[in-house]
Amino acid sequence: MHFLKLIRFQNLLFIAFVQVLIKYSLFPTFEVNVTLNAFGFGLLIFSTLCIAAAGYIINDIYDLEIDRINKPDKTIIGKKISEKTANTLFIILNIIGVGIGFYLSNLISKPGFSALFIIISALLYLYASHLKGIILVGNLVVSALIALSIIIVGLFDLLPVITPENQVLQSTVFGIIADYALFAFLLNFIREIVKDLEDINGDKNGGLNTLPIALGRKRTVQIVFGLGVLVISVVVFYMYSYFYRDQTLVMYFLFCVIAPLLYFCVKAWEAKTKKEFSHLSTVLKIIMLLGICSIFIYPIEIIQ
């Protein structure tokens, strides 16, 4: 149980859920050609989760002092799991994740793709050890890696089987994946800033230079509010451009994405306490999940 908490199994399940949703809901809907069978796709998921889990572990190792202030009751390393064991788990999970990545890349005759797994692993280590302390850089890196966990499905399953005959369809579906990745990137970027607001005391004592520390809580809250409005504008534009004829998708996005985003913006403008920022972080996770779940509706609209 302590190991599952250490690797943030809920977050890992979310990553796996999104990848499975793309593979077994979005792809069949458009009848695209795919590269990976069920076993190969399972390996892709497992590799992604191993590297992500290693990232959570190394982050906790470097955040030991900060976590003792921000979340003393939830600290695992040093209490439930020794630092030495955590380091060993970090190394083992990375070896497994990168090793499977090498195997899959050669399996689909794209050996260069193996560099992705090395880069992701390296970025997670650099984030924990250095980048987190640089204003906005750490937020951008984590958000980009979340987006990449979505795009990687298209890279491994769609790109290797592109031909002149299916290029338009394959590219269209890859574009949809990229749109969802952008949505996840924007929401996670905002959430990272909200988490910085929540953890400002520990981060300050830990010598980090986050946006709330540099600009103060009030200005950062205003930026969060503005980013929330920006995401609403992007979603509305996307709806108008692509879904204006599909009532089911329009209604889904209005009630399940835009309405919660409006709620988030209102609450963000008024937020002042650690508890309120924690609530905002949870709201963003729910919005991200609801947004990704819109993939389920594509079959309905195509049949209609």
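Above this text you will find the structure in question.
**Student:** What is the right way to read the overall build of the protein chain from this model?
**Tutor:** Scanning the protein chain for helices and strands turns up 14 helices and zero strands. Taken from N to C terminus, the helices and strands of the protein chain fall in the order α-α-α-α-α-α-α-α-α-α-α-α-α-α. Its C-alpha atoms give the protein chain a radius of gyration of 20 Å, near enough to 19 Å, the size a compact globule of 304 residues would have. Seen through its principal axes, the protein chain has C-alpha atoms that stretch 60 × 45 × 30 Å. Residues counted as buried form 50% of the 304 residues belonging to the protein chain. Considering only intrachain contacts with a sequence separation of at least 6, the fraction spanning at least 24 residues in the protein chain is 76%. By element, 66% of the accessible surface of the protein chain is carried by carbon and sulfur atoms, the whole surface being about 14800 Å². Treating the 23 positive side-chain charges of the protein chain as one cloud and the 19 negative ones as another, the clouds have centres 8 Å apart.

**Student:** Quick question: what am I supposed to make of the packing of helix H7 (residues 137-157) against helix H8 (residues 167-198) here?
**Tutor:** For any two helices packed against each other, the geometry is given by the interaxial angle and the distance between the axes. Interaxial distance between H7 and H8 falls to 8 Å at its minimum, and their mutual angle equals 155 degrees. In terms of orientation, H7 lies roughly antiparallel with respect to H8. Between H7 and H8 lies a crossing of right-handed hand. In contact with Asn139, Leu140, Val142, Ser143, Ala144, Ile146, Ala147, Ile150, Ile151, Gly154 and Leu155 of H7, H8 contributes Phe174, Ile177, Tyr180, Ala181, Ala184, Phe185, Asn188, Phe189, Glu192, Ile193 and Asp196. Residues belonging to the contact of H7 with H8 are distributed by class as follows: 16 nonpolar, four polar and two charged.

**Student:** Honestly, the pattern of salt bridges in this entry has me stumped. Any pointers?
**Tutor:** Pairing is possible between side chains that carry opposite charge, provided their charged atoms lie close to one another. The full count for this structure, using the stated rule, is four salt bridges. One salt bridge connects Asp157 with Lys23, and the closest N-O pair in it is separated by 2.7 Å. Of this pair, Asp157 sits in helix H7 while Lys23 sits in helix H2 (residues 9-30), and the two are 134 residues apart along the sequence. Notably, a salt bridge pairs Lys274 with Asp199, separated by 3.5 Å at the nearest N-O pair.

**Student:** Even after reading the chapter, I still don't get the environment of Gln170, so can you show me in this structure?
**Tutor:** By secondary structure assignment, the location of Gln170 is in helix H8. Given a relative accessible area of 1%, Gln170 falls into the buried group. With 69 residues separating them along the chain, Gln170 and Gly101 place their C-alpha atoms 23 Å apart. Among residues more than four places away in sequence, those in contact with Gln170 are Val32, Asn33, Leu158, Val161 and Ile162. Within the local environment of Gln170, its side chain forms a polar contact with the backbone nitrogen of Asn33, the two atoms lying 2.9 Å apart.

**Student:** Could you clarify how one ought to interpret helix H6 (residues 114-129) in this entry?
**Tutor:** Three or four residues apart is the spacing at which side chains of an α-helix point the same way, because the helix has 3.6 residues per turn. For H6, which comprises 16 residues, the first-to-last C-alpha distance of 23 Å matches the rise-based estimate of 22 Å (1.5 Å per residue) to within 8%. Buried residues of H6: Ser114, Leu116, Phe117, Ile120, Ser121, Leu124, Tyr127, Ala128 and Ser129, and no others. For H6, the elements touching its buried residues are helix H3 (38-62), helix H5 (83-107), H7 and H8.

**Student:** Would you explain the packing of aromatic side chains in this entry?
**Tutor:** Ring pairs (aromatic) are described by centroid distance and by the angle formed between their planes. Using the criterion set out here, one finds ten aromatic pairs in the structure. Aromatic pair Tyr24 and Phe41: ring centres 5.8 Å apart, planes at 85 degrees, arrangement edge-to-face. A residue pair is termed long-range when its members are at least 10 positions apart, and Tyr24 in helix H2 and Phe41 in helix H3 qualify at 17 residues. Note on Tyr24: relative accessible area 46%, which makes it partly exposed. The exposure class of Phe41 is buried, given its relative accessible area of 2%. The interplanar angle of 70 degrees and the centroid separation of 5.6 Å between the aromatic rings of Phe117 and Phe156 together place this pair among those described as edge-to-face. With a gap of 39 residues between them, Phe117 in helix H6 and Phe156 in helix H7 connect regions that are remote in the sequence. For Phe156, a relative accessible area of 0% corresponds to the buried category. Three or more aromatic residues joined by ring pairs form one cluster here, namely Tyr62, Phe90 and Tyr125.

**Student:** Can you walk me through the environment of Leu289 in this structure?
**Tutor:** With respect to the helices and strands, Leu289 occurs in helix H13 (residues 274-293). For Leu289, a relative accessible area of 35% puts it in the partly exposed group. Taking C-alpha positions, Leu289 is 8.6 Å from Val18, a pair spaced 271 residues apart along the chain. Sequence-distant contacts of Leu289, that is, excluding residues within four places in its chain, are made with Phe14 and Phe17.

**Student:** Would you mind showing me how to read the packing of H3 against H6 here?
**Tutor:** One way to put it is that H3 packs onto H6 with a least axis distance of 8 Å and a crossing angle of 15 degrees. What the angle tells us is that H3 and H6 run roughly parallel. In this structure, H3 meets H6 at a crossing whose hand is right-handed. Touching Leu44, Ser47, Ile51, Ala52, Gly55, Ile58, Asn59 and Tyr62 of H3 are Phe117, Ile120, Ser121, Leu124, Tyr125, Tyr127, Ala128 and Ser129, all from H6. Broken down by class, the residue content of the contact of H3 with H6 amounts to eleven nonpolar, five polar and no charged.

Rules used in this analysis
Residues numbered from 1 in each chain as written. Predicted model: local features only at pLDDT ≥ 70, side-chain atom pairs only at ≥ 80, totals over all residues. Heavy atoms only, no water. Helix = DSSP H or I, 4+ residues; strand = E, 2+ residues; numbered from the N terminus. Rg over C-alpha atoms; globule rule 2.2 N^0.38 Å. Buried < 20%, exposed > 50% of the residue type's maximum accessible area, 1.4 Å probe, protein only. Contact = heavy atoms within 4.5 Å. Areas by Shrake-Rupley, 256 points an atom, 1.4 Å probe, with all protein chains shown as cover. Lys, Arg positive; Asp, Glu negative; His and termini not counted. Charge placed at Lys NZ, Arg CZ, Asp CG, Glu CD. Axes fitted to C-alpha atoms, helices over the stretch in contact; angles between N-to-C directions. Parallel < 35°, antiparallel > 145°, perpendicular 65-115°, else oblique. Left-handed = near helix turned anticlockwise from the far one by under 90°. Nonpolar A, V, L, I, M, F, W, Y, C, P; charged D, E, K, R; others polar. Salt bridge = Lys/Arg side-chain N within 4 Å of Asp/Glu carboxyl O. Polar contact = N/O pair within 3.5 Å; in protein donor to acceptor, adjacent residues only side chain to side chain. Expected span 1.5 Å × (residues − 1). Phe/Tyr/Trp six-rings, centres within 6.5 Å; stacked < 30°, edge-to-face > 60°.

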